[in-house]
Amino acid sequence: MSDGVARDGLKAGDLVVVTGGGGGFGRALSLRFARDGAKVAVWEVNRDSGEETARQVREAGGEARFFPVDLSQPAEIEAAAAAVLDAYGAPYCVINNASIYPRASVLDMSGETFERTLRVNVTAPFLVVKAFGRAMIAQRRGVVINISSTIAMQGAAGGANYASSKGALLSFTKSLALEWAQHNIRCNSILPGVAFTAQPLEATSAEELLERGRRTIPLGRVGYPDDVAGLAAFLASADAAYMTGQGLAMNGGRVFVP
Ligand SMILES: NC(=O)c1ccc[n+]([C@@H]2O[C@H](COP(=O)([O-])OP(=O)(O)OC[C@H]3O[C@@H](n4cnc5c(N)ncnc54)[C@H](O)[C@@H]3O)[C@@H](O)[C@H]2O)c1
């Protein structure tokens, strides 16, 4: 006897949208999904890095197109989503990966910086899924992956703006999962620990970052973009067909020590 509920996963030729596709995780996600047979729409504010990701995907034999977009501008999100829908139709998977991390203590941070962080890290993912929602729902299949952070759970001195945005993204993902489960669209977040990309390197040197990994992470190293890309590929696959509303930490075994 069958329950009649589809078990679905990414298929060759499906479209994946990756925001922040020119960055560390964004490029690895784009290359990984292309290797799994997806077409990739690379969304990026930095034209050079976005185009470079699309070029690397094509060089590896995949299909990718760069879409310039500043996620802090709602009109640009709408225009980029319309361009994607026009070129490819509904995406199967949307990965909200872009973020900003301006650092300052609560006392030193301006309200403008706090709000700008929320705009790029939370409001933009909301607007992105809203822009694709009706088309994805019409397909009755899809996956949303929001890249949060372990900082959502542990907080960050000097990064209350970023921690707040990542906590909100986690709650947003759970809410979206509940709203869209009826449409066979699964929504999960990944909570990476510290990884070797440009973002932590804004605040520390490469050697210090590697040393921190050796010293403080049980598995003896920081994360790398391919670690996160592998987990995202799993979440988009049929192997994760019964997972929605989850926040999956990937942090080398590091637990929060107050
Ligand atoms: N690297 C880490 O240690 C780490 C840890 C936990 C979570 N994360 C999260 O992983 C995700 C990817 O981070 P990363 O480490 O690859 O950082 P990254 O800085 O390499 O990449 C982020 C990308 O987002 C883009 N971006 C920023 N603002 C944008 C805007 N307004 N419009 C469009 N694109 C914009 C940037 O240009 C950049 O290419 C982020 O959500 C980050 O918060 C990273």
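Analysis parameters
Residues numbered from 1 in each chain as written. Predicted model: local features only at pLDDT ≥ 70, side-chain atom pairs only at ≥ 80, totals over all residues. Heavy atoms only, no water. Pairing = 2+ DSSP bridges. Helix = DSSP H or I, 4+ residues; strand = E, 2+ residues; numbered from the N terminus. Axes fitted to C-alpha atoms, helices over the stretch in contact; angles between N-to-C directions. Contact = heavy atoms within 4.5 Å. Buried < 20%, exposed > 50% of the residue type's maximum accessible area, 1.4 Å probe, protein only. Parallel < 35°, antiparallel > 145°, perpendicular 65-115°, else oblique. Left-handed = near helix turned anticlockwise from the far one by under 90°. Nonpolar A, V, L, I, M, F, W, Y, C, P; charged D, E, K, R; others polar. Expected span 1.5 Å × (residues − 1). Arc of directions from axis to C-beta.

## A closer look at the sheet that holds strand 3 (residues 63-68)
Next up, step 1: With respect to topology, 7 strands assemble into an open sheet ordered 3-2-1-4-5-6-7, the strand pairing being parallel. Edge positions in the sheet fall to strand 3 and strand 7 (247-250), since each of these pairs with one other strand and no more. Taking each pair of neighbouring strands and ignoring which way they run, the sheet shows an average axis angle of 20°.
Next up, step 2: Relative to strand 4 (residues 93-96), strand 1 (residues 15-19) is paired through 3 bridges, and the arrangement is parallel. Across the sheet, the residue bridging to V18 is I95, located in strand 4.
Next up, step 3: In the packing of helix 6 (residues 160-180) onto the sheet, the strands contacted are strand 5 (142-147), strand 6 (185-192) and strand 7, and the crossing angle to strand 6 comes to about 160°.

## With respect to the pairing of strand 1
Next up, step 1: When you tally the buried positions in strand 1, you get 5 out of 5 residues, the bulk of the element.
Next up, step 2: Side chains L15, V17 and T19 project from strand 1 onto one buried face, and the interleaved V16 and V18 project onto a second face that is buried too.
Next up, step 3: Sheet topology places strand 1 next to strand 2 (residues 39-44); 5 bridges connect them, and they run parallel. From the neighbouring strand, V17 faces strand 2, where its bridge partner is A41.

## Comments concerning the packing of helix 1 (residues 24-35) against helix 9 (residues 225-236)
Next up, step 1: One way to put it is that helix 1 packs onto helix 9 with a least axis distance of 8 Å and a crossing angle of 50°. Between helix 1 and helix 9, the interaxial angle falls into the category oblique. Judged by the twist between their axes, the crossing of helix 1 over helix 9 is right-handed. Of helix 9, the residues touching helix 1 (which contributes G24, F25, A28, L29, R32 and F33) are P225, D226, V228, A229, G230, A232, A233 and A236.
Next up, step 2: Grouping the constituent residues of the contact of helix 1 with helix 9 by class yields 10 nonpolar, 2 polar and 2 charged.

## Considering helix 2 (residues 47-59)
Next up, step 1: The end-to-end C-alpha distance of helix 2, which contains 13 residues, comes to 18 Å, matching closely the 18 Å that a straight helix rising 1.5 Å per residue would cover.
Next up, step 2: Those residues of helix 2 lying buried are S49, G50, T53, A54 and V57. Here the buried residues of helix 2 occupy an arc of 140° about the axis, which is enough to place them on one side. Residues D48 and E59 are exposed on helix 2 and point more than 90 degrees away from its buried face.
Next up, step 3: In this structure, the buried side of helix 2 is in contact with helix 1, strand 2 and strand 3.
Next up, step 4: Remark: G61 follows helix 2 within two positions and exhibits a positive phi of approximately 95°.

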